[in-house]
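Single-letter residue listing:
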Amino acid sequence: MQRKVSMNYFDLLAWHIENSQNIENCRIDNIYIIKGSDNIFLFHLHCKDGDRDLIIEPGRRIHFTKFTVDRDTNGQVSFLRTLLRESFIRSTEILGHERIYSIKTSNEKNIIVELLPRGVLIVTDDKNQILFTTERKEFKDREIKQGSTYSLPPISISKRKASLPSLLGAPQEIIDALNITDVENGKIIISELEEKIKNGIIEPCLIEKTTVLPIKASNNCIEFRSFNDALDRYFTELEKEQIVNESSKKLNDEKGRLISTINEVNQKISVYKENAERLRKIGKLIMGNYPLIEKIRNTNINSKNTIIIKLDGEEIELDPRLSPTKNASIYFDRAKELEAKAKKAEEILINLQNKLNTLEASIKQKEESSKIKIREKEWYEKYRWTITRNEFLVIAGRDVDQNESLVKKMLDDKDIFLHADIHGAPATIIKTIGKEIGECDLKDAAVISATYSKAWKEGLASIDVFWVTGDQVSKSPPTGEYLPKGSFMIYGKKNFIKNLKLELWIGLEDNNGVRLFVGSEEAVKKRCMFHVKLVPGEDDPEKTASKIIKIMNRENISGANGLKEEIIKILPGRCKVIKENT
């Protein structure tokens, strides 16, 4: 079976049935393009049940993603933001019986995603006039360009002998999965499948490196909780492979040229050495047969032309005007010249081989870097987070909005709430899930509360952190008072962790893909092989990240360069790296 590269109509239908309620009423918070691509868009949505990332790749796919990807912006993204940011998604539908998806927004815009071959992403106004398109397209029956009226592609009628897919309006993989062999039964089966999907009966099936379908296609199916998750896993793996291939294509082309040059130089060295050996042999034959050569020379001494004799299977050219010794010297000198050329070529070869080794290391680094950039993320990774030595999750706000949201939505009565004793610190929560926690867990969580507080930016060496139980925290102020956004009332006794050193450890953890892990020394060392320690310092995040990556490269950690942006995001401010692996 040929590998699937884009969603078919039944995939789109299944995704729509499963996710229309998840996408409708979400606010388009921001729009990005995936770094390294020119047409994979990421719509960051703010929905009632949390934030979501929607991937739209014209001509290929649409689905929510749980994977971390590097985001970028360009002129198209800026224009899309102008048209769509802060609007709400009001309705979604599939247009016709095609792989075309419509997303209507509260500001009377219509986002049209064409998943057809050569598909585009389009935004129209309420009169169906095109305001934006990823590409200008001219077809026989329609034109897609800014200012023109959008129209659906006409239904194509094949002039060739009709195949089952064209007669049934279904892709070959669906026909094969349903064991359809004739048109009449096929129409019934396909119609039943469509009804089944419309009624929400979806059986997500992923066949590794082959396809993803909303029906069970074989015994090789990897089953998923949702069809969106199956699409996300399949197409993200496909994207990883393509990014790896594209990112290393130039290097591989260069490697090919280098190997070709190495082979040519090797060949030249062999030829030089073989010829030098032959010439030296001839010189030795001349000297070893001195009396015979002298006799032949005397016989032809008045000849102005060279003569050719045969000795030991070798044809030897002699100058009868020169002594045997001088004739031999000519051959020895020519052998030396060739040996010198071979030596120089060998030096060039060593140089080329070193270049090849460096290039192969760069290709490997590039591939690992590309793989490391895309991994499945956990829900809590949108916050500051760590995991304590006893496996308790700790989450903290990145900003005032997240602080507010965490206390309102995530803080349970039996959880632990921590806060550095300074104005300007993250609301930090240990999710206890009703279990008893230890002093070491409190310390691990306090490290996050302290290091991401204003104390770090002020260059303090230590700070106090207090903690209370969740039921002691309230958003309700005393009568007549007002609580600013991100502020809370603490009732009852506060428990203090005194003089907590401002030290943040960063490590690399293998968790279904390599990810950065931050926390206390003990928490990081428990989970990570590689780790460095940071304290407040003079280096800005960019410089700090570069230093950490340099250490990683010294430790032969593959793909370290691909982590730079992620490292920058998790740094609490200006830093100094003061300890590393030994």
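Read on for a plain summary of the structure. Along each chain, residue indices are assigned from 1 in the same order as the chain's sequence is written. Local features are withheld for residues below a pLDDT of 70 in this predicted model, meaning they are given only at 70 or higher, and side-chain atom pairs are given and counted only at 80 or more; totals for whole chains, interfaces and linings count all residues. Where side-chain values are given, they derive from all heavy atoms of the structure, hydrogens and water being excluded.

Notes on the overall build of the protein chain
Note the threshold: Strands here are runs of E lasting at least two residues and helices are runs of H or I lasting at least four, both read from the DSSP assignment and numbered beginning at the N terminus. Radius of gyration: C-alpha atoms only; globule rule: 2.2 Å multiplied by the number of residues to the exponent 0.38. Only protein chains enter the accessibility calculation, which uses a 1.4 Å probe. A residue is then buried if its area is under 20% of the maximum for its type, exposed if over 50%, and partly exposed in between. Any two residues whose heavy atoms approach within 4.5 Å are treated as being in contact.
Of regular secondary structure, the protein chain possesses 14 helices and 31 strands. Radius of gyration (C-alpha) of the protein chain: 36 Å, far over the 25 Å computed for a compact globule of 582 residues. Each principal axis of the C-alpha atoms in the protein chain carries an extent, and together these give about 130 × 75 × 50 Å. A total of 582 residues make up the protein chain; the buried ones form 47% of that total. Put simply, 59% of the contacts in the protein chain that link residues at least 6 apart link residues at least 24 apart.

Thoughts on the packing of aromatic side chains
Short version of the rule: Only centres within 6.5 Å qualify two rings of Phe, Tyr or Trp (six-membered ring in Trp) as a pair; their planes then separate them into stacked at under 30 degrees, edge-to-face at over 60, and tilted for everything else. Charge-over-ring placement is defined geometrically: NZ (Lys) or CZ (Arg) within 6 Å of the ring centre, and within 35 degrees of the ring normal.
Enumeration over the complete set of coordinates arrives at 10 aromatic pairs. The interplanar angle of 75 degrees and the centroid separation of 5.3 Å between the aromatic rings of tyrosine 9 and phenylalanine 10 together place this pair among those described as edge-to-face. Take tyrosine 9: its relative accessible area is 9%, and that puts it in the buried class. Looking at arginine 71, its charged tip hangs above the ring of tyrosine 32, at a distance of 5.2 Å from the centre. Its guanidinium or amino end placed over the ring of tyrosine 32, arginine 81 lies 5.2 Å from that ring's centre, counting from NZ or CZ.

Concerning the pairing of strand β29 (residues 514–519)
Heads up, the rule is: One requirement defines pairing of two strands: DSSP has to find at least two bridges between them.
In terms of burial, β29 is largely enclosed, as 5 of its 6 residues are buried. Bridging between strand β28 (residues 504–510) and β29 involves 6 bridges; their strand directions are antiparallel. Bridge pairing in β29 links glutamate 509 to arginine 515.

Quick word on the state of the cysteines
Keep this limit in mind: In plain terms, two cysteine sulfur atoms within 2.5 Å form what is called a disulfide here.
Considering all chains together, one arrives at 2 disulfides under this definition. With its sulfur 1.9 Å from that of its partner, cysteine 205 forms a disulfide with cysteine 221. The sign of the S-S torsion, about -80 degrees, decides the handedness of the disulfide formed by cysteine 205 and cysteine 221: left-handed. Within this pair, whereas cysteine 205 is found in strand β14 (residues 205–207), its partner cysteine 221 is found in the loop between β15 (211–213) and β16 (222–223), the two being separated by 16 residues in sequence. Just as cysteine 205 is buried, cysteine 221 falls in that class too. Taken in sequence order, the bonded cysteines of the protein chain link in the pattern 1-2, 3-4. For the unlinked cysteine cysteine 440, the closest cysteine sulfur is that of cysteine 528, found at 17 Å. Owing to a relative accessible area of 3%, cysteine 528 belongs among the buried residues under this scheme.

Focus on helix α1 (residues 9–23)
Rules: Note on bend: at a given residue it equals the angle between the axes fitted to the 7 residues ending there and to the 7 starting there. Polar contact criterion, stated in full: a pair of N or O atoms within 3.5 Å, where within protein one must be able to donate a hydrogen and the other to accept it, and residues adjacent in sequence count only if both atoms are side-chain atoms.
Of all the bends in α1, the greatest measures close to 45 degrees and is centred on isoleucine 17. Across the 15 residues of α1, 11 count as buried, placing the element largely inside the fold. In this structure asparagine 8 caps α1, since a side-chain oxygen of it lies 2.9 Å from the backbone nitrogen of phenylalanine 10. Asparagine 25 sits one or two residues past α1 and shows a positive phi near 75 degrees.

Quick word on the sheet that holds β15
Taking strand neighbours across the sheet as the criterion, the 3 strands line up as β15-β14-β16 in an open arrangement whose pairing is antiparallel. Edge positions in the open sheet fall to β15 and β16, since each of these has one partner strand only. Pairing of β14 with β16 involves 2 bridges; the strand directions are antiparallel. Following the sheet pairing, leucine 206 is matched in β16 by isoleucine 222.

Some remarks on the sheet that holds strand β27 (residues 495–501)
What counts is decided by this rule: To obtain an axis, a line is fitted to C-alpha atoms, over the contacting stretch when the element is a helix, and the angle between two such axes runs from 0 to 180 degrees between their N-to-C directions.
An order of β20-β21-β23-β22-β24-β27 is seen for the 6 strands of this open sheet, with the pairing classed as antiparallel. Pairing within the sheet leaves two strands with one partner each, and these edge strands are β20 (384–387) and β27. Going from strand to strand, the sheet's axes swing by 25 degrees on average, the running direction of each strand aside. Pairing geometry for β20 and strand β21 (residues 393–396), over 4 bridges, is antiparallel. Across the sheet, the residue bridging to arginine 384 is alanine 396, located in β21. Those strands touched by helix α10 (residues 439–451) are β20, β21, β22 (416–420), β23 (428–431), β24 (462–469) and β27, and its axis lies near 45 degrees from that of β22.

Quick look at the pattern of salt bridges
Note the cut-off: Whenever a carboxyl oxygen of Asp or Glu lies within 4 Å of a side-chain nitrogen of Lys or Arg, that contact is scored as a salt bridge.
Scanning the entire structure with this criterion turns up 43 salt bridges. A salt bridge links aspartate 229 to arginine 225; the nearest nitrogen and oxygen atoms lie 3.6 Å apart. Residue arginine 225 is classed as exposed on the basis of its relative accessible area, which comes to 73%. Connected via shared salt-bridge partners are Glu381, Glu391, Glu509, Arg515, Lys526 and Arg527.

Quick look at the nonpolar core
Where we set the bar: Residues enter a nonpolar core if they are buried and are Ala, Val, Leu, Ile, Met, Phe, Trp, Tyr or Cys, with the set joined through side-chain atoms within 4.5 Å.
Within the largest apolar cluster, 55 residues are counted, with the highest numbers of intra-cluster contacts made by Trp15, Phe43, Leu45, Leu54, Ile62 and Leu84. If near-sequence neighbours (up to four positions away) are discounted, leucine 45 is found in contact with Ile23, Cys26, Arg27, Ile28, Asp29, Gly50, Asp51, Arg52, Leu54, Phe64 and Ile89. By size, the runner-up hydrophobic cluster in this structure holds 44 residues, among which are Ala420, Leu516, Met552 and Ala560.

Here's the deal with the environment of arginine 3
Here arginine 3 lies in the segment before α1. By relative accessible area, which is 25% here, arginine 3 ends up partly exposed. It is 57 Å that separates the C-alpha atoms of arginine 3 and isoleucine 497, two residues lying 494 residues apart in sequence.

Description of helix α9 (residues 400–410)
Residues of α9 that are buried include every one of Gln402, Asn403, Glu404, Leu406, Val407 and Met410, and no others. In this structure, the buried side of α9 is in contact with β21, β22, β23 and β25 (473–474). Two to three positions downstream of the cap, the backbone nitrogen of aspartate 401 sits 3.2 Å from a side-chain oxygen, assigning the N-cap of α9 to aspartate 399.

Thoughts on the packing of α1 against helix α5 (residues 183–198)
Worth spelling out the cut-off: Just so you know how the angles are binned, under 35 degrees is roughly parallel, over 145 roughly antiparallel, 65 to 115 roughly perpendicular, and the rest oblique. Gly falls in the polar group here, along with every residue not listed as nonpolar (Ala, Val, Leu, Ile, Met, Phe, Trp, Tyr, Cys, Pro) or charged (Asp, Glu, Lys, Arg).
Axis separation between α1 and α5 bottoms out at 9 Å; the angle between their running directions is 25 degrees. Between α1 and α5, the crossing angle belongs to the class labelled roughly parallel. Taking contact as the criterion, the partners of Tyr9, Phe10, Leu13, Ala14 and Ile17 in α1 are, on α5, Ile190, Leu193, Glu194, Ile197 and Lys198. A breakdown of the residues in the contact of α1 with α5 according to their chemical character gives 8 nonpolar, no polar and 2 charged.

Considerations on the side chain of arginine 384
We apply this condition: Note that His is not counted, nor are the chain ends; the positive residues are Lys and Arg, and the negative ones are Asp and Glu.
With respect to the secondary-structure elements, arginine 384 resides in strand β20. For the buried arginine 384, no salt bridge is present, and the opposite-charge side chain at shortest range is aspartate 399, 8.9 Å distant. One polar contact links the side chain of arginine 384 to the main-chain carbonyl oxygen of lysine 569, over a distance of 3.1 Å. Here arginine 384 is in contact with Val394, Ile395, Ala396, Gly397, Arg398, Ile448, Tyr452, Lys569, Ile570 and Leu571, once residues within four sequence places are set aside.

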